[in-house]
Amino acid sequence: MRIETDAIRTQTERTQHKEHSVPVFMTSSFIFDDAEHARALFEQEVDGNIYSRYSNPNNDELVAKLCAFEHTDDGLTTASGMAAIFSSLAGLLESGDHILSCRSVFGSTHQLLTQVFPKWGITHTYVPIEDTDSWEQEIKENTKVILIETPSNPALDVLDLEKIGDLAKKHGLVLIVDNCFASPYLQQPADFGAHIITHSATKFLDGQGRTIGGVILGQKDLIEKIRFFARHSGPSLSPFNAWLVSKSLETLPVRMDRHCDNALKIAEFLESHPMVEKVKYPFLPSHPQYDLARKQMKKGGGLVTFYIKGGLAEGKTFLDAIKIGSLTANLGDTRTTITHPASTTHSKLSEDERLQVGITSNLVRISAGLENVEDIIEDLNQALAAVESSSK
Ligand SMILES: *Cc1c(COP(=O)(O)O)cnc(C)c1O
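Rules used in this analysis
Residues numbered from 1 in each chain as written. Predicted model: local features only at pLDDT ≥ 70, side-chain atom pairs only at ≥ 80, totals over all residues. Heavy atoms only, no water. Domains from an automatic or database assignment. Buried area = accessible area lost by both parts, 1.4 Å probe. Salt bridge = Lys/Arg side-chain N within 4 Å of Asp/Glu carboxyl O. Polar contact = N/O pair within 3.5 Å; in protein donor to acceptor, adjacent residues only side chain to side chain. Helix = DSSP H or I, 4+ residues; strand = E, 2+ residues; numbered from the N terminus. Nonpolar A, V, L, I, M, F, W, Y, C, P; charged D, E, K, R; others polar. Near = heavy atom within 4 Å. Areas by Shrake-Rupley, 256 points an atom, 1.4 Å probe, with all protein chains shown as cover.

The protein chain goes by O-succinylhomoserine sulfhydrylase in an unreviewed UniProt entry, where it is assigned to Aureibacter tunicatorum.

Here it is as structure tokens:
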């Protein structure tokens, strides 16, 4: 079936009540038929639910949908996107192993790589996002994993999934792709050789800013290792949150179409505005990896990054003049959200440190919501006018 149908018709088996819409299975454990059934379940000789830390019909439904979307054969849900990334690495790696990644990864992923995994002797090298040709020479004997995000946060650089997939294959490495920014509607990294795909369900998958959640998808043998770690360490997703996200997926294709259409219109508007220095959007012809984005993504995504003329002061003025857009750290919401990392999330970093992660003081990131795009553009226009008059 096609994604729009899978999104709606992949459904937990009906109970004896013949409900049309899937109920929430708020139960911590499940009943055994008898002692022999319990033994067989624990020995994994038969399939079935035991305990909601291991599995639950709502969580299984969410995984089944996302496996269909991402062209993967197995997966598990986690309490957050970070639990998905942490569990994937912790489940697959051992002390002494090495990870290849890019400095532009999500902030908490950067903290895991630099502050947490080194405690257990797991090290990393950051390779330049703009020069994938140089990655091969950074692969060491103990390198086990390549961990990437594309498009990247917040600069929206696009990495060549096919090329990196081939590199991983050539060296027998596990390629983990955080597919959060694109969502499975726009890009399926498994088709290019990714072994593990993670999502923060908090973003476009829920898409309504209501819950934190995560998913790990991929090849069965690797998922088994990660599942063992997760079952016994317990970063499980509540069945209620799994139900919520699974319900949200019914509208993922229609929501993403609108997010992307609005984002493209916003990007085009910003590109034509005299107070804007530069716009980064994967489906704008001015994007340095425009052709690559067209090749591996169905549409350009819901995020737009732009560089306002000026610096820290202009960024702050712009943010304070916004009337409709929400000033919040989340993204992938029905509501347009706007962030100016240099004065908010990354204000503790020095200018040099910010530049290392691609955050200039005039960078603004917009997550295009589902409001009427003309209203959003008018809001951005009046905020840019406020910047213009303040700098006169
Ligand atoms: C938000 C985000 C995460 C972390 O997800 P949480 O659900 O907040 O734990 C990881 N990667 C990317 C790209 C994200 O945007």
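Some remarks on the domain arrangement of the protein chain
For the protein chain, the domain assignment lists domain 1 (3-249) and domain 2 (252-391). Relative placement of domain 1 and domain 2: their C-alpha centres are 28 Å apart. For the domain 1 and domain 2 pair, buried surface summed over both sides reaches about 3,000 Å², with 61% attributable to carbon and sulfur atoms. By the criterion of area lost to domain 2, the three top residues of domain 1 are Tyr185, Leu186 and Phe204, representing 25% of everything that side buries. Applying the counting rule to domain 1 against domain 2 returns two salt bridges. In this structure, Lys295 engages Glu162 in a salt bridge whose closest nitrogen and oxygen atoms are separated by 2.6 Å. Applying the counting rule to domain 1 against domain 2 returns 20 residue pairs in polar contact (both at pLDDT 80 or more). Residue assignment for the side of domain 1 that touches domain 2 shows that the elements contributing at least two residues are α1 (3-9), α6 (161-170) and α8 (239-249). Considering each element in turn, the side of domain 1 that touches domain 2 owes the most residues, three residues, to α1. Here the side of domain 1 that touches domain 2 is built from residues that sort into 19 nonpolar, nine polar and seven charged.

A few points about the site of the ligand
Surrounding the ligand, one finds 14 residues, the nearest of these being Gly81, Asp178, Ser200, Thr202 and Lys203. Between the ligand and Met82, the relevant distance is 2.9 Å, taken from an oxygen atom to a main-chain nitrogen or oxygen of the residue. The side chain of Ser200 places a nitrogen or oxygen atom 2.8 Å from an oxygen atom of the ligand. Burial of the ligand by the surrounding chains reaches 91%, relative to a free accessible area of 380 Å². In terms of residue count, helix α4 (residues 81-92) provides more of the shell around the ligand than any other element does, three residues in total. By residue class, the composition of the shell around the ligand is six nonpolar, five polar and three charged.

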